[in-house]
Amino acid sequence: MEPQHRTRPSSVASSSTPSTSSRQTSAAPSPLANEVMSSPSTRATSVVSAATPSIPARECWIDADGRPGTEFLSSESVVQDLMKGYKAYFTNPEDPEDRSFDPHPTHYPYATLEYPNTGASERFILLAPKDKDHYNPIMCLESSLHIIIEHYLTPTQRSLFGTLPAKDLADEDSYESDYSPPSSAASSPPSFIPSPLSDSSASSSSSQSSVSSASSDSSFSSISSFSCFSVLSPYARRRTPSSAPTVDYLRLLQRAIHKHDGPLFIKVMCAITALLHLFKYPPLPPDLFDPAPPNEFRVAVKSWTNMPSPVVQRIIDETYQRAVGPHVHKLTRYEAFSSEVYGELMPPFVSDIVRATRLREGMLFLDLGAGVGNVVLQAALETGCRAYGVEIMPEPAKIARSQVEQFRTRCRMWGVRMGEVELEEGDMLKSEKVDRLVKEADVVLVNNKVFLEPLNEALRQKFLDLKEGAIVVSLKCLMGSGRTTARNGITRERSASPALKERNMDDIGEIFTVTARPYYPGSVSWGGSGGEYFLQRMNREDYARRRQQLEKVRGGGMTRSTRSRK
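Here the structure is a predicted model, which means the values were calculated and not measured.

K.L.:
Would you mind going over the environment of K259 in detail, with residue names and values included?
P.N.:
With respect to the helices and strands, the residue K259 is situated in the loop between α7 (249-258) and α8 (262-280). Placed 170 residues apart in sequence, K259 and Y89 show a C-alpha to C-alpha distance of 10.0 Å.

The following block contains the structure:
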């Protein structure tokens, strides 16, 4: 089969930055690995060991199919709009005059990736950004492909695709290939490659079991006649001296990207797409009365009890790159030294907050100053919770509305469930909805790193309406002026003041139990260094107990004083 550069889809994948943004996620060490805290009844700072909070199990799958719909913002459309910022990545080593891999307004090279859910796919233009910090569709496709293979398939099923590289396929500095171009005396075609068209696969006891096991020659045979596989048979290798020759498609794909070999890339992706198709749309059983075998990717999601972090991260990155990245320059339009300075919490940091607060399905999460909605969306997907965000600045609020719709679409494409999400454009201090939801909230996030003191004070008053046990998460401590550091992974729990006294009896901060926790470099968008953030739990019961103790002490002191004067 001739390679099709402009009119026939194929596939690849990787993570990258948005088209006009260098936003990166960070693999910062989790503070929870070394988390320590005190007993809630101990008001002075103390330190004890604590295990990482477990994440409650939940259903992650959905019934709906994954068709994106007409409002879908694809990788292809993003690059089309910014075509002048892109250049050719692939060439044809056999024909230096071949221009089919060059940029063009309409006739550009592209590939198609099959997503896990039924009916879901996306086209990627096979070009590279002129600015390395801008969105790279080839790397994006690469990362998504890796996540699908690694997290939606069993080890046996994954083996059909070959070896998942330790680093991104496009990481040329780390590339070392044991593949060389085939010679005229090529090795014999591989004897074991799965075929979606195989008669023997359909005649097995169960199409689903044949796909699931993917280990029987009788279940997958006669593939050499399927052109996208047979054209790669010269690249077959024996993994052991006694094994049959097989093609390591992911390693071969790595070679194509490293060598900028466009035709080879197209051929390999044709084979990979056929394999993905086999698992999404297994062959029908020969008996028409037998049930049709299911989409294996959907079967995998039904077995999950929690969302895999790499899947969450991938959906977040894909959506941000398309819905936010092209508009990121608009987010810098704010008044300097005001409470409206824009900044983002990175996904690993948000995951730490989720675990530290034990946020879960059935809870209500509020983000006051939600920006483009990143944290609200991540919380809803990661935990299944109900999530609400409010943003006063028009431009981020507008981008957030687009991002939430694209996020819902991508969750369907990946076949996963997210919690209910609602975003509002408005003033958090004047919103009637915020006033109502604060009373119901379980976790409230306030990224108040640059908030002016009048705004912080107004929030303190608003948080008096929180229910018992609700947690306020902030980057500047809102409750009390006392200060406790959280260094070297050490978390310390304290009251806003070590002891309740006459002068602080009516301090708002005294009804909250405050925990200082560290965050690490790469956790926030506005600086490379780490810092600390605060969990402030509403604890009226403990405040009442301490106030009663103070009253007893005060009463006892007055009695002794009276007796001494007699």
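The discussion continues.
K.L.:
I'd like a rundown of the packing of aromatic side chains, residues and numbers included.
P.N.:
By the definition in use, this model includes 13 aromatic pairs. A centroid spacing of 6.4 Å and a plane angle of 70° characterise the contact between Y108 and Y110, whose relative ring orientation is edge-to-face. Judged by relative accessible area, which is 5%, Y108 ranks as buried. A ring pair is formed by Y152 and W304, whose centres lie 5.0 Å apart and whose planes are at 65°; its orientation type is edge-to-face. Of this pair, Y152 sits in helix α2 (residues 137-152) while W304 sits in the loop between α9 (296-303) and α10 (309-324); the two residues are 152 residues apart in sequence, bridging distant segments of the chain. Taken together, Y115, Y152, F161, F279, F297, W304 and W414 form an aromatic cluster joined through their ring pairs. In this structure, R123 packs its charged tip against the face of Y110, placed 3.9 Å from the ring centre. Sitting above the plane of the W61 ring, K302 keeps its charged end 4.5 Å from the centroid.

K.L.:
Could you give an account of helix α11 (residues 347-357), with specific residues and numbers?
P.N.:
Most of α11 is tucked away, with 10 of its 11 residues classed as buried. All of the buried residues in α11 are P347, F349, V350, S351, D352, I353, V354, R355, A356 and T357. Looking at the buried side of α11, the elements it contacts are α10, α12 (374-383), β8 (443-446), β9 (471-474), β11 (512-519) and β12 (531-538). Of the residues trailing α11, R358 is marked for its positive phi of about 55°.

Cut-offs applied
Residues numbered from 1 in each chain as written. Predicted model: local features only at pLDDT ≥ 70, side-chain atom pairs only at ≥ 80, totals over all residues. Heavy atoms only, no water. Helix = DSSP H or I, 4+ residues; strand = E, 2+ residues; numbered from the N terminus. Phe/Tyr/Trp six-rings, centres within 6.5 Å; stacked < 30°, edge-to-face > 60°. Buried < 20%, exposed > 50% of the residue type's maximum accessible area, 1.4 Å probe, protein only. Lys NZ or Arg CZ within 6 Å of the ring centre and 35° of its normal. Contact = heavy atoms within 4.5 Å.

It is worth stressing that arrangement in space is one thing and function is another; only the former is reported here.
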